[in-house]
Amino acid sequence: MTRTYKVVVLPGDGVGREVVPETIKVLQAAGDVANGFNFEFIEFPCGGKYYKETGKEWPEEAWEACKKSDAILFGAIGWPGAIKPGGALAGIDILLGMRFSLDLYANLRPAKLYEGIDSRILGKSSKDVNFIVVRENTEGLYVPIRGTLDRGGVEELAVDVRVITRKGAERIIRHAFDLCMRRGGAPADGKKRVTCVDKSNVLEGCRLFRKIYDEIAENYREIERDYVYVDAMTQWMIRAPEHYDVVVTSNFQGDILSDLSSVLIGGMGMAPSANVGEKYGMFEPVHGSAPDIAGQNKANPMGSILSGKMMLEWLALKHRDTSCEKAASIIEDAVAQVLIEGKRRTPDLCYGRYAGLTPSTTSEVGDAIVEKIEASSF
Ligand code: IPM
Ligand code: MN
């Protein structure tokens, strides 16, 4: 019997509303070619703009639907002026709420430079950049244990507590090692390597994290151990990206490193991500809602489309569904071909060799990928 995957679609704000429809188009096309499963897409509005219009961040049914979903496709949240009482960005509770409530403890952020994109780092090419940041997603500085203190009407103090637990560290580090086993190793030497990024020269939580890393590494003898402090990592990642294969780190550090890594792959428009746990998965481009270019059909849909590809890979693994695996590689091949051909790209990729090119729109890039998928020989 053909399996039907229920996918909740939350385009959210700004360019999220432009890149997500392209992703659905592409997923549908790849599903048709792979021919072994169906999608049922269920879409809901949400985010800052929706909050301004309705006073709610999302409809209640959306949350119920997420809990019944096979996967969630997310765009972006954040809209100018959409601030909740107390100062929080309207929509942020959807994103963080899903990560915590659905226990999406692993935030996977690949940094892969495709041929046909010029590296912004001198001397690096697609042969050098293919690592993945495995960011812990349910603790660290993101636990909602924080507060402020007013004395005599003066805002005197603000505290954010950084929590590292044995359970949290164990499961993310194990996830990183398991993922490493399925990958091809670091570009520099083909070695399987999991790099532990921390600040264990200063922070207790990081010392525990590193200790647990060592315990888990014992069970993966074919994987090389590697340690680097997070401050040093910001330069090594740029100077020698070819050394890295899987990079595992705590929440806030992973947040920063994953934005930094996007510089290596053509910018934030190219960066996909997966937020996954034992039961649920949510897939979103790393970029935000980009209100400055929203509504102009010029955002790069590839970060979102490649997040869709990650969704298929996750479904493939979870349900042992080889047709999802096939659809995922069809999508990646199509994106790679469009990039190598070099004719269709959004303005963010029109630099270097492509500086003189007339930029394509978001939907033209989506169409170009769909064309490749339909022509693919699977
Ligand atoms: C990200 C974003 C979020 C985060 C924000 C929007 C809460 O920066 O997904 O990296 O900090 O995790
Ligand atoms: Mn971030």
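Just so it is clear, the structure is predicted and the values come from calculations on it, not from any experiment. Here the residue index of a chain counts from 1 through its sequence in written order. Written order decides the labels, with chains lettered from A and ligands numbered from 1. Totals for whole chains, interfaces and linings use all residues, but because this is a predicted model, local features are given only for residues with pLDDT of at least 70 and pairs of side-chain atoms are given and counted only at 80 or more. Processing note: side-chain calculations cover all non-hydrogen atoms of the structure and skip hydrogens and water entirely.

## A few points about the nonpolar core
By size, the foremost hydrophobic cluster in this structure holds 93 residues, and its most contacted members are I173 and I369. In terms of residue count, the dominant contributor to this core is helix α10 (residues 322–341) (10 residues). Setting aside chain neighbours within four positions, we find I369 in contact with V26, M302, I305, A334, V335 and V338. The criterion is simple. A nonpolar core is a set of buried Ala, Val, Leu, Ile, Met, Phe, Trp, Tyr and Cys residues joined through side-chain atoms within 4.5 Å. Classification of residues uses two cut-offs on accessible area relative to the type maximum, computed with a 1.4 Å probe and protein chains only: under 20% is buried, over 50% is exposed, and between them is partly exposed. In terms of nonpolar packing, the next biggest core, distinct from the first, is built from 18 residues, I72, F74, L102 and Y280 among them. The secondary structure listing takes helices from DSSP runs of H or I that are at least 4 residues long and strands from runs of E that are at least 2 residues long, numbered from the N terminus. The contact definition used throughout considers only heavy atoms, calling two residues in contact when any of these lie within 4.5 Å.

## Description of the site of ligand 1
For this purpose, a residue is taken to be near a molecule or strand whenever a single non-hydrogen atom of the residue falls within 4 Å of it. Every residue near ligand 1 is listed here: I92, L95, R99, R109, R135, Y142 and D255. For ligand 1, an oxygen atom lies 2.7 Å from a polar atom in the side chain of R99. Isolated, ligand 1 exposes 320 Å² of accessible area, and the fraction of that covered by the protein chains is 75%. Counting residues per element, the shell around ligand 1 draws most heavily on helix α4 (residues 92–101), at three residues. Amino acid classes used here: Ala, Val, Leu, Ile, Met, Phe, Trp, Tyr, Cys and Pro are nonpolar; Asp, Glu, Lys and Arg are charged; the rest, including Gly, are polar. Among the residues making up the shell around ligand 1, the classes are represented as three nonpolar, no polar and four charged. Here the limits of each domain have been adopted from an automatic or database domain assignment. Split by domain, the shell around ligand 1 shows at least three residues from each of two domains, domain 1 (1–107 + 273–378) and domain 2 (119–265). For the purposes of these results, a polar contact is taken to be a pair of N or O atoms within 3.5 Å, where, inside protein, one atom must be able to donate a hydrogen and its partner to accept one; residues adjacent in sequence count only when each atom of the pair is a side-chain atom. Accessibility throughout is a Shrake-Rupley quantity obtained with a 1.4 Å probe, and a residue counts as covered only by protein chains that appear here.

## Topic: the environment of M233
Within the secondary structure layout, M233 lies in helix α7 (residues 230–239). What makes M233 buried here is its relative accessible area of 0%.

## As for a nonpolar patch on the surface
Patches were defined on residues exceeding 30% relative accessible area and lacking a salt bridge, with like-charge contacts within 9 Å and nonpolar side-chain contacts (Val, Leu, Ile, Met, Phe, Trp, Tyr) within 5 Å. The term salt bridge refers to a side-chain nitrogen of Lys or Arg lying within 4 Å of a carboxyl oxygen of Asp or Glu. Residues I145, L149, L157, V159 and V161 make up a contiguous nonpolar surface patch of about 360 Å² in total accessible area. With respect to the helices and strands, the residue I145 is situated in the loop between β5 (130–136) and β6 (146–151). Exposure remark for I145: the relative accessible area of 46% places this residue in the partly exposed category.

## Remarks on the domain arrangement of the chain
Structurally, the chain comprises domain 1 (1–107 + 273–378) and domain 2 (119–265). When each unit is reduced to the centre of its C-alpha atoms, the spacing between domain 1 and domain 2 is 24 Å. Opposite the 14 residues of domain 1 that make contact, domain 2 presents 16 residues. For the domain 1 and domain 2 pair, buried surface summed over both sides reaches about 1400 Å², with 55% attributable to carbon and sulfur atoms. Three residues stand out in domain 1 for area buried against domain 2, namely F100, Y105 and N107, and they jointly supply 48% of the buried area on that side. For the pair domain 1 and domain 2, the interface holds one salt bridge. Measuring nitrogen to oxygen at the nearest pair gives 2.8 Å for the salt bridge that ties D103 to R171. Where the side of domain 1 that touches domain 2 is concerned, the elements lending two or more residues are α4, β4 (106–112) and β11 (274–276). Per element, the largest residue contribution to the side of domain 1 that touches domain 2 is three residues, and it comes from α4. The term buried area means the drop in 1.4 Å probe accessible area that two parts suffer when joined, counted for both and summed.

## Focus on the sheet that holds strand β2 (residues 37–43)
In this scheme, strands are said to pair when DSSP sees at least two bridges between them. Judged by pairing direction, the sheet is mixed, and its 10 strands sit side by side in the order β2-β1-β3-β12-β11-β4-β5-β10-β8-β9 without closing on themselves. Looking along the sheet, the strands with just one partner apiece sit at the ends: β2 and β9 (224–229). Pairwise comparison of adjacent strand axes, ignoring direction, gives a mean angle of 25° for this sheet. Taken together, the three bridges between β4 and β11 define a ladder with antiparallel strand orientation. Counted as the bridge partner of N107 is N275 from β11. Interaxial angle, 0 to 180 degrees, is taken between N-to-C directions of lines fitted to C-alpha atoms, where a helix line uses only the stretch in contact.

## Observations concerning the side chain of D128
Within the secondary structure, D128 is located in the loop between β4 and β5. In this tally, Lys and Arg are treated as positive and Asp and Glu as negative; His is ignored, and so are the chain termini. Although buried, D128 forms no salt bridge, and the nearest oppositely charged side chain, K124, lies 5.3 Å from it. What D128 contacts, discounting residues up to four positions off in sequence, is G123, P187, P241 and E242.

## Some words on the environment of V230
Tracing the backbone through its elements, the reader meets V230 in helix α7. Here V230 falls in the buried class, since its relative accessible area comes to 17%. Considered as a pair, V230 and Q28 are 202 residues apart in the sequence and their alpha carbons are 40 Å apart. With sequence-adjacent residues up to four places away left out, V230 is seen in contact with V197, D198, K199, Q253 and L257.

## A look at the pattern of salt bridges
Summed over the entire model, instances satisfying the criterion amount to 29 salt bridges. Taken together, the shared-partner salt bridges in this structure form one network comprising K112, K309, E313 and E332.

## A few points about α7
Among all positions of α7, only V230, M233, M237 and I238 are buried. Taken end-on, α7 shows its buried residues confined to a sector of 120°, consistent with a single buried face. Among the structural elements, β5, β8 (193–198), β9, β10 (246–249) and α8 (251–262) are those in contact with the buried residues of α7. This arc corresponds to the set of directions leading from the helix axis out to the C-beta atoms.

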